[in-house]
Amino acid sequence: MDAGLLIRVYQTLIGIVGVVGNGLVCLVIYRVSSMHTTTNAFIFNQAAIDLLGSLVMAVRSNMPALPVPVPGGIVGYLLCKIYNAYAVQFSLFDASTYNLMTVTLERYVAIVYPYTYPRIFGKRKAVAAFLIAGWVLGFVVSCTAAAVINYHHNGYCARQTGSGALGVVVAMVNFFIPSLVMLVSYIHITVVLKRSADQVAPGLATLTRPASDQQNQDGTTSNGTAASATQQETQRESLLRARRNTFKTLLLVFVVFVLCWLPHSTIFLVFDLGGGVHFSPVLFFFGAVTLSANVCVNPFIYAVKYKQFRAGFRKIFGLRPAAINLLGSQVMARQSQMPAPPVPVPGGIAGYLLCKIDNGYAILQWSLFTVSTNNLMAVALEPWIAINNYHGGKCAQNTSLGVLGVAIAMLNFFISLLVMWASYSHITVVLKRSADRVALSLAIR
């Protein structure tokens, strides 16, 4: 299949997933009042940027190429500098990067400099300014670079041949410098959280002794003081756990961001530095795939790692495995009544989607069943897209993907079963230890 068509289909599907996933993130944060915090305001902003980025990418990938010759005047100027340069799409991608750096710095100040935090992020106007700054920076940097590099010449859109230095600056400002700032911030946050945990642990060890053993200097007991101190330590430990969960979630978002952006940024940085980069279809496709994926992955990370988001999602939708299975059964019943794709199957993107989604009729049905198993719909989507193909006017399945079938079975059932077994075994051990501690405490008393 033509590489250009494959990228169009991929970006369309990624765009749809990104719109739905990021839309759900915005809805949950907006509807659940307990999530109206400063950190979640930045996460909401991140999801809004990625939602628009997904929408623009899906629409732009299906829009026609520029006519030849390109019209002159202001129309041709805008077509070359904005439309043909994907200026809006990359502006949103860059805005997402700057907002991610801002939310990292917000967490950095909150954890490392808690007494300074209210002066910087304690006012709504200041938070709003930081939220808007990400959008402004993204559009200013991307649109400026697009306007300088791209130009209209004799009915064609062309790029400046001596723009290597500007390309290096753009790569540094859009990816490498923000990544370095976030990396240093997360390393420092990790050190501070480790120290906090070490300080909390001795306090809890002291407070778990019987109250009769906790005496004042004059020999009298202080049950009220001990209870108050215990409550304070419990609140401190709870706050530390919440901070850790948010930190781990955002750290994973940062790691995925680096993995998605690094191939594309490195390729173009080497090219701008004068390296012998040959833009083969495979290399171009790999860079485009990884970069595009970044707009849709964060909702899956929140669903897996962010406890506050999971609780808010369940509060709004109330989804349980039984409800998911019921929905899957209803989809299966309706799917069995739908007609088969026409023969011959239309060509182009319509035929591709018919074979990948409609003829692979189980894609939605098995996605729901997979959600019931391991809560990750993407696990079912990608294999079905890989197996079902368009060939010679017909929909066919790739018969040489036996290894992929084994991987699907392992991931959808056996690995999930192994993870659940290991988790429940560990829970049993922890509960047994807790029971032994309680019994020992009662015996001492």
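Residues numbered from 1 in each chain as written. Predicted model: local features only at pLDDT ≥ 70, side-chain atom pairs only at ≥ 80, totals over all residues. Heavy atoms only, no water.

For the protein, the name recorded in an unreviewed UniProt entry is Galanin receptor type 2-like, with Acanthaster planci as its organism. Within the UniProt record for the protein, the comment given under Subcellular location (unreviewed entry) is "Membrane". (UniProt positions renumbered as here; feature names shortened; annotations may be inferred.)

Draft legend 1. Representation of the side chain of Ser 142 in the model. Relative to the assigned elements, Ser 142 resides in helix H6 (residues 124–149). On the basis of relative accessible area, Ser 142 is assigned to the buried category, the value being 8%. Of note is the side chain of Ser 142, whose polar atom sits 3.4 Å from the backbone nitrogen of Ser 91. (Helix = DSSP H or I, 4+ residues; strand = E, 2+ residues; numbered from the N terminus. Buried < 20%, exposed > 50% of the residue type's maximum accessible area, 1.4 Å probe, protein only. Polar contact = N/O pair within 3.5 Å; in protein donor to acceptor, adjacent residues only side chain to side chain.)

Draft legend 2. Focus on the state of the cysteines. Applying the stated criterion to the full structure yields one disulfide. Between the sulfur atoms of Cys 80 and its disulfide mate Cys 157 the distance is 2.0 Å. One disulfide, between Cys 80 and Cys 157, carries an S-S torsion of -85 degrees and so falls in the left-handed class. Highlighted residues: Cys 80 in helix H3 (residues 73–83) and Cys 157 in strand S2 (residues 156–159), separated in sequence by 77 residues. Its relative accessible area of 1% is what places Cys 80 among the buried residues. Using a relative accessible area of 24% as the deciding quantity, one classes Cys 157 as partly exposed. Among the cysteines around Cys 296, which has no disulfide bond, Cys 260 carries the closest sulfur, lying 8.1 Å off. A relative accessible area of 6% means that Cys 296 is categorised as buried. (Disulfide = S-S within 2.5 Å.)

Draft legend 3. Spotlight on the UniProt feature "transmembrane region" (unreviewed entry) in the protein. Those places that UniProt annotates as "transmembrane region" (unreviewed entry) correspond, in this numbering, to residues 12–30, 127–152, 164–187, 250–271, 283–304 and 401–424. Overall, residues 12–30 shows 100% helix and 0% strand. The separation of its end C-alpha atoms is 27 Å. From the first C-alpha to the last, residues 250–271 spans 31 Å; its make-up is 100% helix and 0% strand.

Draft legend 4. Just helix H4 (residues 87–112), in detail. With 26 residues, H4 ought to run about 38 Å at 1.5 Å a step, and its terminal C-alpha atoms sit 37 Å apart, in line with that. Counting buried residues in H4 gives 23 out of 26 residues, a clear majority hidden from the surface. (Expected span 1.5 Å × (residues − 1).)

Draft legend 5. How the structure looks around the nonpolar core. Counting residues in hydrophobic clusters, the biggest one holds 52 residues, and the most contacted among them are Ile 189 and Phe 257. Mapped by element, the contributors of at least two residues to this core are helix H1 (3–31), helix H2 (38–60), H4, helix H5 (117–121), H6, helix H7 (164–207), helix H8 (223–272) and helix H9 (281–305). Excluding residues that lie within four positions of it along the chain, Ile 189 makes contacts with Thr 104, Arg 107, Tyr 108, Ile 111, Val 112 and Phe 247. (Core = buried A, V, L, I, M, F, W, Y, C linked by side-chain atoms within 4.5 Å. Contact = heavy atoms within 4.5 Å.)

Draft legend 6. A look at the pairing of strand S1 (residues 150–153). Of the strand pairs in this sheet, S1 and S2 are connected by four bridges, and their pairing is antiparallel. Counted as the bridge partner of Tyr 151 is Ala 158 from S2. Counting the residues in the hairpin turn of S1 and S2 gives two residues, including Asn 154, whose phi is positive at 50 degrees. (Pairing = 2+ DSSP bridges.)

Draft legend 7. Region of interest: a positive patch on the surface. Among the surface-exposed residues, Arg 244, Lys 248, Lys 305 and Lys 307 lie close enough to one another that they form a single positively charged patch. Within the secondary structure layout, Lys 307 lies in helix H10 (residues 307–317). (Patch = residues over 30% accessible without salt bridge, like charges linked within 9 Å, V, L, I, M, F, W, Y side chains within 5 Å. Areas by Shrake-Rupley, 256 points an atom, 1.4 Å probe, with all protein chains shown as cover. Salt bridge = Lys/Arg side-chain N within 4 Å of Asp/Glu carboxyl O. Lys, Arg positive; Asp, Glu negative; His and termini not counted. Charge placed at Lys NZ, Arg CZ, Asp CG, Glu CD.)

Draft legend 8. Looking closely at the environment of Met 172. If you trace the backbone, Met 172 turns up in helix H7. In this structure Met 172 comes out as partly exposed when scored by relative accessible area, which is 32%. Along the chain, Met 172 and Leu 269 lie 97 residues apart, while their C-alpha atoms are 8.6 Å from each other. When residues no more than four places from it in sequence are discounted, the contact partners of Met 172 are Ile 177 and Pro 178.

Draft legend 9. Spotlight on the confidence of the model for the protein. Of the residues in the protein, 62% reach a pLDDT of 70 or more, and the chain-wide mean stands at 76. Note that pLDDT drops below 50 for residues 204–222; the model gives that stretch 20 contacts with residues more than four away or on any other chain. The model gives residues 374–387 a pLDDT under 50, and that stretch makes 40 contacts with residues more than four places away or in other chains. (pLDDT = per-residue confidence, 0-100.)

Draft legend 10. Representation of the packing of H2 against H4 within the structure. Between H2 and H4, the least distance of the axes is 9 Å, while the angle of their chain directions is 165 degrees. As summarised for this structure, H2 and H4 are arranged roughly antiparallel, according to the angle between their axes. Crossing geometry of H2 relative to H4 is assigned as left-handed. Contacts from Thr 38, Thr 39, Phe 42, Asn 45, Gln 46, Ile 49, Asp 50, Leu 52, Gly 53, Val 56, Met 57 and Arg 60 of H2 reach H4 at Val 88, Gln 89, Leu 92, Phe 93, Ala 95, Ser 96, Asn 99, Leu 100, Thr 102, Val 103, Glu 106 and Arg 107. When its residues are assigned to classes, the contact of H2 with H4 shows 11 nonpolar, nine polar and four charged. (Axes fitted to C-alpha atoms, helices over the stretch in contact; angles between N-to-C directions. Parallel < 35°, antiparallel > 145°, perpendicular 65-115°, else oblique. Left-handed = near helix turned anticlockwise from the far one by under 90°. Nonpolar A, V, L, I, M, F, W, Y, C, P; charged D, E, K, R; others polar.)

Draft legend 11. Structural view of the packing of aromatic side chains. Under the criterion given, the structure shown has 14 aromatic pairs. An angle of 40 degrees between the planes, with centres 6.2 Å apart, marks the rings of Phe 309 and Phe 313 as tilted. Here Phe 309 and its partner Phe 313 are both found in helix H10, four residues apart, which amounts to about one turn of the helix. Each member of the aromatic cluster is reached from another via a ring pair, and the members are Phe 42, Tyr 117, Phe 121 and Phe 130. (Phe/Tyr/Trp six-rings, centres within 6.5 Å; stacked < 30°, edge-to-face > 60°.)

Draft legend 12. Spatial organisation of the packing of H4 against H6. Where H4 contacts H6, the axes come no closer than 7 Å and their chain directions differ by 140 degrees. Relative to H6, the element H4 lies oblique. Viewed along their axes, H4 and H6 form a crossing whose handedness is right-handed. Contacts from Ala 87, Phe 90, Ser 91, Leu 92, Asp 94, Ala 95, Tyr 98, Asn 99 and Thr 102 in H4 reach Phe 130, Leu 131, Gly 134, Trp 135, Leu 137, Gly 138, Phe 139, Val 141, Ser 142, Cys 143 and Ala 146 in H6. Looking at the contact of H4 with H6 residue by residue, the classes come out as 13 nonpolar, six polar and one charged.

Draft legend 13. Just the environment of Ile 132, in detail. Inspection of the secondary structure assignment puts Ile 132 in helix H6. With a relative accessible area of 52%, Ile 132 lands in the exposed category. Distance in space between the C-alpha atoms of Ile 132 and Ala 95 is 9.5 Å, their sequence separation being 37 residues.

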